[in-house]
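The residues making up each chain are set out below.
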Amino acid sequence: MLVYGLINSAVLALMALGFNLTFGISGVANFAYGAIYVVSGFLTWTLINHLHLPYAISAIITISAIGIFGGLVYKFIIRRIRGLVISEVIATFGISIVILEFLRYVGFIGFKYSLPVFIKGSVEIFDAYVDIQRLLIIAFGIFLITGLYLFTHHTKIGLAFRGIAQEEHTSLSLGINPDRIAGWSMGMGSALGALAAIVILPLGTITVDSGYDVLISALSVCIVGGLGSTFGVIIASFIIGYAQTITATYVSAHWTMIVSLVAILIILAIKPSGLLGHQKELEERV
Amino acid sequence: MKENYRKERIARGIKARSDDIYALTSYKEMWYLLFPRFVPIVGIALIAYFFLPLYWKKVAITTCIFAMLAVSWDFLSNCGLLSLGQALFFGIGSYTAGSLDHYLHLPIYVTIPAATIIGGFISTAILLPVVRLRGIYFAMVTLILPLMLMRLIEATKILGGTEGITGLSPLPNVWSEITLVLAAMWASLFGLRRFIASDYGLIFVSMRDNDRATMASGINIYAFKAQALFIGSSICAFCGAFMTHSYQFTGMPVFAMEFSILPIAAAAIGGIGTLAGPLVGAMILVPLSEILREFGTLRIVFYGLILVICVVALPEGIFHYASRKYNEMERWVRIE
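Residues numbered from 1 in each chain as written. Chains lettered and ligands numbered in written order. Predicted model: local features only at pLDDT ≥ 70, side-chain atom pairs only at ≥ 80, totals over all residues.

A.B. asks: Help me out: how do you make sense of the overall build of chain A in this one?
C.D. replies: If you tally the helices and strands in chain A, you get 12 helices and two strands. Helices (α) and strands (β) of chain A occur, in sequence order from the N terminus, as α-α-α-α-β-β-α-α-α-α-α-α-α-α. In chain A, the share of contacts with a sequence separation of at least 24, taken over all contacts with a separation of at least 6, comes to 74%. (Helix = DSSP H or I, 4+ residues; strand = E, 2+ residues; numbered from the N terminus. Contact = placed C-beta atoms within 7 Å.)

The following block contains the structure:
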């Protein structure tokens with residue numbers, strides 16, 4: 001159970017990272033995130049099964065295509081309404097619905113839509129058999145978090161990210177174009193979502209409905225962790241991940257979705273800015 | 001030549017527009033004020049009662065229900081509460097009416113009003129912990145809640161579980177349904193418009209405009225937000241209760257995404273913040289989607305597209321545009 005809780009947490013963290021990146025930097029809550037997750041699953045599936053590309057190449061194509069898609073969405077849609085919270089939410093939510101319901105209409109439903117695992121087989125840890133894929137998820141989670149940290153602290157774009165997150169007008173005066181950087185962050189957030197999809201989806205089948213589930217998971221992890229704080233996301237995903245696993249083991253698997261809601265409510269009652277949210281975020285939220 | 005001119009807009013001067021004098025000097029001015037209110041009320045009633053076949057009468061009822069959901073959505077967004085989950089209120093109302101009828105065998109003229117009030121209370125109670133949140137944070141929670149409740153009902157198998165509750169008592173006939181729903185729709189629209197325009201309603205609007213300034217004026221905005229939630233969700237709960245009796249069924253579909261997304265789409269088309277605009281939007285969207293019924297789930301794709309296009313390209317909405325054309329004279333004047 002310890003191991004499964006860890007894996008569950010890593011899954012949640014992976015799902016939430018992309019959403020969190022976009023929100024933390026550009027302030028745009030990307031409600032299309034779940035849709036992007038599902039689309040990248042189907043895109044990879046199509047590339048593998050219809051164009052017969054090798055797995056690694058189709059994964060790379062998917063990630064870059066989705067990243068570019070996110071950037072374009074920002075450039076053509078979000079940029080016009082940035083700062084108008086209601087419009088942002090409605091527009092991204094609209095995009096999400098267009099994508100998901102279109103996929104449902106086209107008929108991407110069934111058990112054949114599943115991605116192959118990277119490496120088959122399982123290992124035994126603490127009396128529990130674990131697929132190597134699940135271990136890979138943990139590895140990817142650690143890798144991504146370190147990568148993101150290095151990226152935001154040591155590259156030019158990464159520093160610009162943090163710049164516009166902290167003080168948009170000052171960074172504008174220092175020659176950083178907030179719109180361009182926010183577009184980048186949207187693209188990168190989407191690419192992270194695609195990556196998460198490719199790593200996580202081999203565990204099950206790709207379904208359209210999971211788009212909404214992923215959005216919910218990402219949202220709850222981000223709310224609990226404090227929006228925009230990467231470290232908060234990690235801690236929150238551990239809390240929710242373990243809580244879900246414990247509930248699934250001792251109560252019933254049906255109740256796992258309730259856990260995140262309860263977590264949100266408790267956190268909001270105790271500390272409205274989230275576990276590691278800053279004062280500035282507190283002001284924005286409450 | 002055109003760049004030497006500018007468009008000038010002048011409000012049509014009638015005395016009713018001024019603040020204290022309510023002297024209407026002619027029938028023409030009275031008609032000017034009455035026309036935009038009178039024509040839709042009478043027109044829709046006439047069409048709904050006399051000119052529609054039975055199937056389209058049902059569509060008209062659904063249209064009015066969605067119009068009320070949209071008006072309530074707009075009221076909530078006017079109060080700074082951005083809701084992505086009208087389905088939550090709708091579903092709670094529906095389930096309340098369903099269980100009152102099914103388990104307590106109450107008559108229909110008790111269940112609908114009771115479900116309106118109780119549904120409003122339950123929805124407000126559920127959202128009370130998160131009423132402190134602003135903007136998208138509130139939106140996130142309202143998006144999550146209906147999906148969660150769906151899961152909860154699926155998991156615990158309470159209230160009929162996945163099957164829902166069937167065989168509820170119907171409304172007497174289609175005429176009474178139309179009368180009830182039309183009355184409720186116009187009452188909620190004009191009631192909310194008057195409410196928003198009153199001094200008390202000013203507080204609600206000020207919460208949207210600048211909630212910290214409202215707080216600084218010594219107003220407990222959480223109490224007022226709770227009131228706004230109660231008003232908004234009661235209207236939705238009435239819709240839910242009504243639809244439950246109309247279809248004689250309540251079940252998990254009442255939490256469906258459609259009940260959340262269509263009101264927002266209607267508001268986006270009609271013009272956010274006017275209360276009447278969302279109603280106009282719903283009057284356009286619902287019959288349209290009925291015509292597009294053969295496309296199945298593709299309809300929801302259309303709603304999504306409409307949402308994105310309207311929000312990005314036509315942020316004003318139909319109603320703002322129409323009321324400007326009606327209330328203001330436009331002319332080109334030469335730039336001096």
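The discussion continues.
A.B. asks: Can you help me understand the overall build of chain B in this one?
C.D. replies: A count of helical and extended segments in chain B gives 13 helices and four strands. For 336 residues, the compact-globule estimate of 2.2 N^0.38 gives 20 Å, and the C-alpha radius of gyration of chain B, at 21 Å, lies within 12% of that figure. Taking the principal axes of its C-alpha atoms as reference, chain B extends roughly 75 × 55 × 40 Å. The buried share of chain B, reckoned over its 336 residues, is 44%. Of all intrachain contacts in chain B linking residues separated by at least 6 positions in sequence, the fraction that spans at least 24 positions is 79%. (Rg over C-alpha atoms; globule rule 2.2 N^0.38 Å. Buried ≥ 20, exposed ≤ 12 C-beta atoms within 10 Å, placed from the backbone.)

A.B. asks: What is the right way to read the pairing of strand E4 (residues 328-334) of chain B from this model?
C.D. replies: Two faces, one strand: in a regular strand the side chains alternate between the faces of the sheet. All names here are of chain B. With zero of seven residues buried, E4 lies mostly on the surface of the structure. Direction of pairing for strand E1 (residues 5-11) relative to E4: antiparallel, over a ladder of seven bridges. In the strand pairing of E4, Arg-9 is matched with Glu-330. (Pairing = 2+ DSSP bridges.)

A.B. asks: When you look at the interface of chain A and chain B in this model, what are you seeing that I'm missing?
C.D. replies: Think of interface size as the accessible area that goes away when the parts come together; that is how it is often given. Each partner contributes to the interface: chain A provides 37 residues, whereas chain B provides 38 residues. Only helix H3 (55-81), helix H4 (85-106), helix H9 (210-225) and helix H11 (256-270) of chain A provide two or more residues apiece to the side of chain A that touches chain B. For the side of chain A that touches chain B, the element with the highest residue contribution is H4 of chain A, accounting for 15 residues. For the side of chain A that touches chain B, a count of residues per class yields 28 nonpolar, five polar and four charged. (Nonpolar A, V, L, I, M, F, W, Y, C, P; charged D, E, K, R; others polar.)

A.B. asks: What's the story with the packing of H3 of chain A against helix H8 (residues 178-200) of chain A in this structure? I'm lost.
C.D. replies: Residue and element names in this part refer to chain A. Closest axis-to-axis distance for the H3/H8 pair is 7 Å, and the angle between their directions is 145°. Remark: the crossing between H3 and H8 carries right-handed chirality. Per-class residue counts for the contact of H3 with H8 are 16 nonpolar, nine polar and three charged. (Axes fitted to C-alpha atoms, helices over the stretch in contact; angles between N-to-C directions. Left-handed = near helix turned anticlockwise from the far one by under 90°.)

A.B. asks: Got a minute to help me understand unusual backbone geometry in this structure?
C.D. replies: A negative phi angle characterises most non-glycine residues, just as the trans form characterises most peptide bonds. The backbone of His-105 of chain B shows a phi angle near 55°, a positive value even though the residue is not glycine. Looking at the element boundaries, His-105 of chain B is found in the loop between helix H3 (86-104) and helix H4 (108-127).

A.B. asks: Before we go on, may I ask you to explain the packing of helix H10 (residues 257-270) of chain B against helix H12 (residues 298-313) of chain B in this structure?
C.D. replies: To characterise two packed helices, one gives the angle between the axes of the helices and the distance between these axes. Residue and element names in this part refer to chain B. Packing of H10 against H12 leaves a shortest axis separation of 9 Å and a crossing angle of 35°. In this structure, the crossing between H10 and H12 has a hand that is left-handed. Residues Glu-258, Ile-261, Leu-262, Ile-264, Ala-265, Ala-268 and Ile-269 of H10 lie in contact with H12, whose contacting residues are Ile-300, Tyr-303, Ile-306, Leu-307, Cys-310 and Val-311.

A.B. asks: Which parts of the structure should I look at to understand helix H10 (residues 230-250) of chain A?
C.D. replies: What sets the pattern is the α-helix's 3.6 residues per turn: residues three or four places apart point alike. Taking 1.5 Å per residue, 21 residues should reach 30 Å; H10 of chain A reaches 30 Å between its end C-alpha atoms and fits that length. Regarding H10 of chain A, the residues found buried are Gly-232, Val-233, Ile-234, Ala-236, Ser-237, Ile-239, Ile-240, Gly-241, Gln-244 and Thr-245 of chain A. (Expected span 1.5 Å × (residues − 1).)

A.B. asks: What is the right way to read the nonpolar core from this model?
C.D. replies: In a soluble, globular protein the nonpolar side chains are often hidden away together inside. Grouped together as the largest cluster of nonpolar side chains are 185 residues, with contacts concentrated most on Leu-14 of chain A together with Ala-265 of chain B. In contact with Leu-14 of chain A, not counting residues within four places along its chain, are Ile-137, Phe-140, Gly-141, Leu-144, Ala-196, Val-199 and Ile-200 of chain A. (Core = buried A, V, L, I, M, F, W, Y, C linked by C-beta atoms within 7 Å.)

A.B. asks: Explain helix H11 (residues 276-291) of chain B to me, please; I cannot follow it from the model alone.
C.D. replies: All names here are of chain B. In a regular helix each residue adds 1.5 Å, so 16 residues correspond to 22 Å; H11 covers 23 Å between its end C-alpha atoms and thus fits that length. If you check which residues of H11 are buried, you get Ala-276, Gly-277, Pro-278, Leu-279, Val-280, Gly-281, Ala-282, Met-283, Leu-285, Val-286 and Ser-289. The inward-facing, buried residues of H11 contact helix H2 (54-78), helix H6 (174-197), H10, H12 and helix H13 (318-327).

A.B. asks: What is the right way to read the confidence of the model for chain A from this model?
C.D. replies: Detail in the predicted coordinates should be disregarded across regions flagged by low pLDDT. Confidence in the prediction of chain A, expressed as mean pLDDT, is 76, and 83% of residues score 70 or more. Low pLDDT, under 50, characterises residues 279-286 of chain A; the predicted model gives this stretch 16 contacts beyond four residues in sequence or across chains. (pLDDT = per-residue confidence, 0-100.)

A.B. asks: Is there a simple way to explain the environment of Gly-70 of chain A in this structure?
C.D. replies: All names here are of chain A. Within the secondary structure layout, Gly-70 lies in helix H3. With 29 C-beta atoms packed within 10 Å, Gly-70 lands in the buried category. In this structure, the C-alpha to C-alpha distance between Gly-70 and Met-186, residues 116 residues apart in sequence, is 5.6 Å. Leaving out residues up to four positions away in the same chain, Gly-70 has contacts with Ile-36, Met-186, Gly-187, Gly-189, Ser-190 and Ala-191.

A.B. asks: Even after reading the chapter, I still don't get the environment of Gln-248 of chain B, so can you show me in this structure?
C.D. replies: All names here are of chain B. Relative to the helices and strands, Gln-248 resides in the loop between helix H9 (221-247) and strand E3 (249-250). In this structure, the C-alpha to C-alpha distance between Gln-248 and Leu-292, residues 44 residues apart in sequence, is 25 Å. Once residues within four sequence positions are removed from consideration, Gln-248 is found in contact with Thr-166, Gly-167, Leu-168 and Pro-170.

A.B. asks: Looking at this structure, I do not really get the environment of Tyr-74 of chain A. What am I missing?
C.D. replies: All names here are of chain A. Here Tyr-74 shows up in helix H3. Taking C-alpha positions, Tyr-74 is 5.4 Å from Gly-183, a pair spaced 109 residues apart along the chain. Residues in contact with Tyr-74, not counting those within four places in the same chain, are Arg-79, Ala-182, Gly-183 and Met-186.

A.B. asks: In this structure, what is going on with the confidence of the model for chain B? I would like to understand it.
C.D. replies: Of the residues in chain B, 94% reach a pLDDT of 70 or more, and the chain-wide mean stands at 81. Model confidence for the complex is summarised by a pTM of 0.80, with the ipTM given as 0.71.

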